[in-house]
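The residues making up each chain are set out below.
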Amino acid sequence: MTAYGQSEYASRTALLSSRDVRVMTQGILKNMDTGLLTKETLQKKAEELLVSADDYWMAYGLAALICWLADDRVKAQQALQRALQADDQKTSLFFFLLSLREERDHAADVWLARYLGQQDGSSLAEHFQYCMEAYTDGLMNMSGSRHVEGRLNDWKSEQCQDARLIQQQIQTWHDWFDKERSSVTLNEDEQFKLLKKAPKASVEELLQGAHLPGKALDDLQKLMDDDEASVAKEQAKSVLLERFIEADRSEEEQPSVYKPYISWLTDWCLDDGEKAVISLRQYAIASSKDWIRSAADDAQGETVQKLPDSFEFFSNLSYEGHVDKLTFYSIDGRNERDHLSALHTIIDAWQKEELSKHRPGWTVVAMLFCIIGGGALLYYGGGWVLDNHPFMLLAGVALLCMAFAGPIGGLIVTAILAGITAFLMNAITAAYASHQYIFITACVLILAGLSFKVYYATFGIRRKLEKQFKQYAWEEENCICRCMAETADFYDYYTKGMERQQDLHAFLDGLSASDYVRRNQGSARRIRI
């Protein structure tokens, strides 16, 4: 059987798909140390890969590994060359991760140097992530870590000079802050139903913006404090290699995506744990802190710009035919007294106008004088008039009653007066009072009632109006006070939320990317499985 493509075995074997090759690679790796793979089995697998894979680098790389395990160094070298020709970068990364797994530090350094030597920091493919995970998870030896660290620092320093590229990262983070803002849920105390009626103000949007620094800080702190399940270093290396194999795709399946290093940093930050391990995400966030801070400041600036100079409220005043519109403004509820004073100025003017309509004028004074004077005359001279001119006295009382109670009312009052007098004259004997004084007393009582009617028609109505205006003013005061109270509460929530921006700054300033590179090779590694 010849080496590549001319054997009878090749003619009987269908092409292996890329997925079949990945499954076979994982199976071979799992059984490498079990002793279950015989030399004959390995040679058969190698032949199958070499003749059946459709120019897929992993097929040739696996064939090289199998030939190496079968101690066929010549075919191993030939297969390796074909793998490097198919995809030098992925092949180098594969054998670097395999060398890490097998604890072959020198081989790992060689393959890492070859892999990094082909990397252009301005155009990195997705598979660079697995080299980064080996670095941040502390799976490399010290020399390998220093090598990677040097390249990363050089790339970042160079790319940070590109203002357009930096602005792209800031914008990506700005979009993240926008999503964070929209996910803020306000509690029941932050509904502010009166403020929502104020024009030109979205209270919900303002409060979401105010809570944004705190929510972003909480989410970032939670991520940076995350510590995944402990896994031994050896197992971590195996898992990393398996993840690389499982995620790999041929160009036909999925074309490669290339981005600058700092763009990949942003992507790893916002990965949400779907692809990148936690150590890489933490390292990426610490490396991106300046862009996060700039985006946070931009987001807060947008919130500040949306905050109106003051909230505007309207109160349509209407009472007893009077109509007015009171407009008052506030941003923090501190000018409540000014608005109450303006309200009382309007209502006091209305009250003064209404009271002026019921002022005790000369006619009321004259009526009271007539009533009181008539009562005095009756009391002191009524007895003589009653004895000498009873009908004249009765007519005079009737006219007086008709003057104040109206024609019909006067006659009714006079009739009542005459009836009361007749009853008293018959019921009360002379031992208590004379007849004329009984009549006079009844007349005086009737005139006193008329006096009260006149008094109520003036001063009583005035007191009623004052009471009504006082009640109306109290109701309007409550409306203003509620608006001012909501404004004060809103401003308190808003300012306290915005103050957390300083906490976010302090947190970001305290981050250092080197703190998230796990250099202790003897400790347990923490990865997501």
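Here is a short report on the structure shown in this document.

The rules behind the values
Residues numbered from 1 in each chain as written. Predicted model: local features only at pLDDT ≥ 70, side-chain atom pairs only at ≥ 80, totals over all residues. Heavy atoms only, no water. Helix = DSSP H or I, 4+ residues; strand = E, 2+ residues; numbered from the N terminus. Buried < 20%, exposed > 50% of the residue type's maximum accessible area, 1.4 Å probe, protein only. Contact = heavy atoms within 4.5 Å. Areas by Shrake-Rupley, 256 points an atom, 1.4 Å probe, with all protein chains shown as cover. Core = buried A, V, L, I, M, F, W, Y, C linked by side-chain atoms within 4.5 Å. Axes fitted to C-alpha atoms, helices over the stretch in contact; angles between N-to-C directions. Parallel < 35°, antiparallel > 145°, perpendicular 65-115°, else oblique. Nonpolar A, V, L, I, M, F, W, Y, C, P; charged D, E, K, R; others polar. Lys, Arg positive; Asp, Glu negative; His and termini not counted. Salt bridge = Lys/Arg side-chain N within 4 Å of Asp/Glu carboxyl O.

## Looking at the overall build of the chain
Counting its secondary structure elements, the chain contains 20 helices and 6 strands. A total of 529 residues make up the chain; the buried ones form 45% of that total. In the chain, 78% of the contacts between residues at least 6 apart in sequence involve partners at least 24 apart. Of the roughly 27600 Å² that the chain leaves accessible, carbon and sulfur atoms contribute 53%.

## Some thoughts on the nonpolar core
Formed by 94 residues in total, the largest nonpolar core has its most connected members in Phe96, Phe128, Phe177, Tyr261, Trp268 and Tyr283. Top contributing element to this core by residue count: helix α4 (residues 57–69), with 10 residues. Ala210, Leu343, Met484 and Met498 belong to the second largest nonpolar core, which has 30 residues in total.

## Points about the side chain of Thr303
Note that Thr303 resides in helix α15 (residues 289–306). Looking at Thr303, the relative accessible area reads 4%, which means it is buried. With residues near it in sequence (within four places) discarded, Thr303 still touches Arg181, Leu206, Gly209, Ala210, Tyr494 and Met498.

## Quick word on the packing of helix α10 (residues 163–182) against helix α11 (residues 203–224)
Packing of α10 against α11 leaves a shortest axis separation of 9 Å and a crossing angle of 110 degrees. As far as their axial angle goes, α11 and α10 are roughly perpendicular. Between α10 and α11, the contacting residues are Trp176, Phe177, Glu180, Arg181 and Ser182 on the first element and Gln208, Gly209, Leu212, Lys215, Ala216, Asp219 and Leu220 on the second. Here the contact of α10 with α11 is composed, by residue class, of 5 nonpolar, 3 polar and 4 charged.

## Quick notes on the side chain of Glu476
Along the chain, Glu476 turns up in helix α20 (residues 435–509). Although Glu476 is buried, it makes no salt bridge; Arg482 carries the closest opposite charge, 8.1 Å away.

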